[in-house]
Amino acid sequence: MGIPNANCVILAAGEGKRMFSRSSKVLCEVTHKPMISWVIDAARGAEIENICVVVGNKDVEDAAVGCSISYQQQRLGTGHAVMCASDFLKLHTGEDTLILYGDTPFMDSDTIIQSYALHKQEAAVATIISARLEDPTGYGRIVRRSGRIAAIVEQTDTDDATAKINEINSGAGWFSTATLLETLAKIGNDNAQGEYYLTDVVSILIENNLNVSVYTAENPQVTLGANSPLDLLNLNDIACQRAILKHLQNGVHFTSRYGIIIGPDVEIAPGAEIMMGSILYGNTAIGKGSIIGPNTIIRNSSVGEDTRLNACQVYESKIGSNVKAGPFSHFRPDSCISDWVSIGDFVEIKNSNIGEGTDVAHLTYIGDSDVGRFCNFGCGTVTSNYDGENKYRTVIKDYAFIGCNTNLIPPVTVGERAYTAAGTTITQDVPDGALAIDRGELGLKEGWADRKLAAYVEKKNRLMNDRKQ
Ligand code: UD1
Ligand code: CA
């Protein structure tokens, strides 16, 4: 059940000075998904329609596909960031606005929906989402008086007593939109950081005896944020273990708890097995009975049933059922591998279709090609798809047999049931059922090598004697 007439503003403009990252902090990844995308998906999962992301850099705007964007030119604090979204807030006259922080990726749709229910039940002007943490260091603390919230004190503004409080502010919370806009105009920046804190809105509401409620999250993990590389590593560890547990409960087999990364959007059918060193992320799906790993990366790809991928890398591709690939096979984007295909070591496939039952056993590059069914590739075949300016397609029809070390210079078509002889360079179409053979006469010079060998053996012996001395 979603939430009608609600808006969401996600704060994502922070520079992340404490993170030392190359890109904006909220783009730092947890199991290979940017933190901001986790947060956007949580809001969408609660069916909040109008989402505005407050960004400081273009890179975050690019990640916030389908959201409204507000720019915060100067990072003057979380309160100032919400002010930067005031045009959005005024436009969407929905009753309530949810504020989320782009650096707390485990916020989930259930918490959003349940906190909203409390917000309405209490007829509150604001509902803060809190949690109790064993180690609250770094977070704003919730100070309560007679059970009700009295203040939020930032880490940098804590004294000994408040530092001991273990109930923390997640940063997320519901506000009556009109009250939020009014109160933001009243906050100042008189604090240790010299910033406009969103939490001061809460203080003002409390001072004015308005009804502020607190929703304490059942699972404190939803409030965890990342300000430093250590925080980020901790979030990754948690996400990895959570993913393994979730898939285990669905009947997926694992050979280890460690060295496996599975993104939140990956689907794995019961009965599949994931081995160590496997990294599966993006929109990836694995069919039942498939064995993935060890040491396999799969991104935004689908894998059918009973397929075996050993030490492979697969990107934006589709791999069928009963496929065997590896070790060391590389599937670059837009490759489509049909059922019963076998791909061997050091084979690279890019933007190509490989038909059912075809074998590509070793050391071959197939790029921009359409290969039929039941074809066989000898070792060391190359499709020379690029002439330095343009790319061309190679077509290899059903039952073709490509001999070892064949070079195919496209655009070119090898016909059905055709053969190419080992070492042949194919520069024109090969008709159905033909053999293409390109071989000069072999020259032989009797005894030519013997003289050379004597000199070579003498040189080697001399070098070895020198080294012994
Ligand atoms: C904030 C809260 C703290 C809470 C913690 C939870 C405030 C003042 N403090 O602290 O109570 O316990 O989050 O994780 O709100 N941002 C902007 N523009 C800015 C500053 C920040 O967009 O000018 C964004 C950041 O990208 C980030 C979020 O707001 O996603 C939170 O900012 P951050 O600086 O990480 O706040 P904390 O110090 O963690
Ligand atoms: Ca933070």
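Residues numbered from 1 in each chain as written. Chains lettered and ligands numbered in written order. Predicted model: local features only at pLDDT ≥ 70, side-chain atom pairs only at ≥ 80, totals over all residues. Heavy atoms only, no water.

### Quick look at the overall build of the chain
Then comes step 1: Within the chain one finds 10 helices and 39 strands.
Then comes step 2: Taken over the C-alpha trace, the chain has a radius of gyration of 31 Å; the compact-globule value for 469 residues is 23 Å, which it surpasses by more than 25%.
Then comes step 3: Each principal axis of the C-alpha distribution contributes one length, and for the chain these read about 105 × 65 × 45 Å.
Then comes step 4: Of all 469 residues assigned to the chain, the portion counted as buried reaches 48%.
Then comes step 5: At a minimum sequence separation of 6, the contacts of the chain that also span at least 24 residues come to 40%.
Then comes step 6: Surface accessibility of the chain: about 23000 Å² in total, with carbon and sulfur atoms responsible for 50%.
Then comes step 7: With 41 positive and 56 negative side-chain charges, the chain shows a separation of 7 Å between the mean positions of the two kinds. (Helix = DSSP H or I, 4+ residues; strand = E, 2+ residues; numbered from the N terminus. Rg over C-alpha atoms; globule rule 2.2 N^0.38 Å. Buried < 20%, exposed > 50% of the residue type's maximum accessible area, 1.4 Å probe, protein only. Contact = heavy atoms within 4.5 Å. Areas by Shrake-Rupley, 256 points an atom, 1.4 Å probe, with all protein chains shown as cover. Lys, Arg positive; Asp, Glu negative; His and termini not counted. Charge placed at Lys NZ, Arg CZ, Asp CG, Glu CD.)

### Comments concerning the coordination of the calcium ion (ligand 2)
Then comes step 1: Protein coordination of the calcium ion (ligand 2) is provided by Asp103 (OD) and Asn227 (OD1), with donor distances spanning 2.2 to 2.4 Å. Here Asp103, found in the loop between β6 (96-101) and α5 (109-121), pairs with Asn227, found in the loop between β11 (212-216) and α9 (229-249); they are 124 residues apart in sequence, far enough to count as distant.
Then comes step 2: Since its relative accessible area comes to 13%, Asp103 is described here as buried. (Donors = N, O, S within 2.8 Å, 3.2 Å for Na, K, Ca; no water.)

### What to know about the environment of Asp368
Then comes step 1: Position of Asp368 relative to the elements: it lies in the loop between β29 (359-367) and β30 (369-371).
Then comes step 2: Look at Asp368 and you get buried, because its relative accessible area is 5%.
Then comes step 3: Linking Asp368 and Ile99, residues 269 residues apart in sequence, is a C-alpha distance of 47 Å.

### So, the environment of Thr383
Then comes step 1: On the secondary structure map, Thr383 appears in strand β32 (residues 382-383).
Then comes step 2: Distance in space between the C-alpha atoms of Thr383 and Ile409 is 6.4 Å, their sequence separation being 26 residues.
Then comes step 3: Each residue touching Thr383, except ones within four places of it in the same chain, is listed here: Tyr365, Ile366, Gly367, Ser369, Thr394 and Leu408.
Then comes step 4: A distance of 2.8 Å separates a polar side-chain atom of Thr383 from the backbone nitrogen of Gly367. (Polar contact = N/O pair within 3.5 Å; in protein donor to acceptor, adjacent residues only side chain to side chain.)

### Overview of the site of ligand 1
Then comes step 1: Taken together, 25 residues lie around ligand 1, and Gln72, Tyr101, Gly140, Glu154 and Asn169 are the ones closest in.
Then comes step 2: At a separation of 3.4 Å, an oxygen atom of ligand 1 approaches a polar backbone atom of Leu76.
Then comes step 3: A distance of 3.0 Å is found between an oxygen atom of ligand 1 and a side-chain nitrogen or oxygen belonging to Asp103.
Then comes step 4: Summarising the interface, the protein chains cover 92% of the accessible area of ligand 1, which totals 750 Å² for the free molecule. (Near = heavy atom within 4 Å.)

### Let's talk about the nonpolar core
Nonpolar side chains tend toward joint burial in soluble globular proteins.
Then comes step 1: Among the nonpolar cores identified, the biggest contains 43 residues, and Ile268, Leu309, Phe331 and Ile396 are the most heavily contacted of them.
Then comes step 2: At the level of elements, α9, β22 (312-315), β27 (342-350), β29 and β36 (412-414) are the ones that each hand at least two residues to this core.
Then comes step 3: Judged by nonpolar contacts, the second largest core, of 32 residues, contains Ala12, Ile36, Cys67 and Tyr116. (Core = buried A, V, L, I, M, F, W, Y, C linked by side-chain atoms within 4.5 Å.)

### Things to note about the packing of aromatic side chains
Then comes step 1: The tally for this structure, following the rule as stated, stands at 5 aromatic pairs.
Then comes step 2: Taking 5.5 Å as the distance between ring centres and 65° as the angle between the ring planes, the aromatic pair formed by Trp38 and Phe106 counts as edge-to-face. You can see Trp38 sitting in helix α1 (residues 35-45) and its partner Phe106 sitting in the loop between β6 and α5, a full 68 residues away along the chain. Note on accessibility: Trp38 and Phe106 belong to one class, buried.
Then comes step 3: Aromatic side chains Phe328 and Phe346 sit 5.4 Å apart centroid to centroid with 20° between the ring planes, which places their arrangement in the stacked category. Separated by 18 residues along the polypeptide, Phe328 in the loop between β24 (324-325) and β25 (329-331) and Phe346 in strand β27 bring together distant segments of the chain. (Phe/Tyr/Trp six-rings, centres within 6.5 Å; stacked < 30°, edge-to-face > 60°.)

### Some details on a nonpolar patch on the surface
Then comes step 1: A grouping of Phe401, Tyr419, Leu435 and Ile437 is seen on the molecular surface, where their side chains present a nonpolar patch of about 390 Å² in accessible area.
Then comes step 2: Considering the arrangement of structural elements, one finds Ile437 in the loop between β39 (435-436) and α10 (448-468). (Patch = residues over 30% accessible without salt bridge, like charges linked within 9 Å, V, L, I, M, F, W, Y side chains within 5 Å. Salt bridge = Lys/Arg side-chain N within 4 Å of Asp/Glu carboxyl O.)

### A few points about the packing of helix α7 (residues 177-184) against helix α8 (residues 199-207)
Then comes step 1: The interhelical angle for the contact between α7 and α8, taken along N-to-C directions, is 100°, at an axis separation of 10 Å. As far as their axial angle goes, α8 and α7 are roughly perpendicular. Residues Thr179, Leu180, Thr183 and Leu184 of α7 form the contact with α8, whose participating residues are Val201, Ile204 and Leu205.
Then comes step 2: Of the residues belonging to the contact of α7 with α8, the class tally is 5 nonpolar, 2 polar and no charged. (Axes fitted to C-alpha atoms, helices over the stretch in contact; angles between N-to-C directions. Parallel < 35°, antiparallel > 145°, perpendicular 65-115°, else oblique. Nonpolar A, V, L, I, M, F, W, Y, C, P; charged D, E, K, R; others polar.)

### Quick notes on the pattern of salt bridges
Pairing between side chains of opposite charge can happen when their charged atoms approach one another.
Then comes step 1: With the rule as written, the count across this model stands at 17 salt bridges.
Then comes step 2: A salt bridge links Lys58 to Asp62; its shortest N-O distance comes to 2.6 Å. Pair noted here: Lys58 and Asp62 are both in helix α2 (residues 58-63), with a separation of 4 residues, about one helical turn.
Then comes step 3: Residue classification places Asp62 among the partly exposed positions, given a relative accessible area of 46%.
Then comes step 4: Asp96 is paired through a salt bridge with Lys120; the nearest N and O atoms lie 2.9 Å apart. Within this pair, whereas Asp96 is found in strand β6, its partner Lys120 is found in helix α5, the two being separated by 24 residues in sequence.
Then comes step 5: Residue classification places Asp96 among the buried positions, given a relative accessible area of 3%.
Then comes step 6: What makes Lys120 partly exposed here is its relative accessible area of 38%.
Then comes step 7: What you see here is one network of salt bridges that share partners, running through Lys33, Asp41 and Asp265.

### Details of a positive patch on the surface
Then comes step 1: Side chains of Lys459, Lys460, Arg462 and Arg467 sit close together on the surface and give a patch of like positive charge.
Then comes step 2: Position of Arg467 among the secondary structure elements: in helix α10.
Then comes step 3: Judged by its relative accessible area of 72%, Arg467 is exposed.

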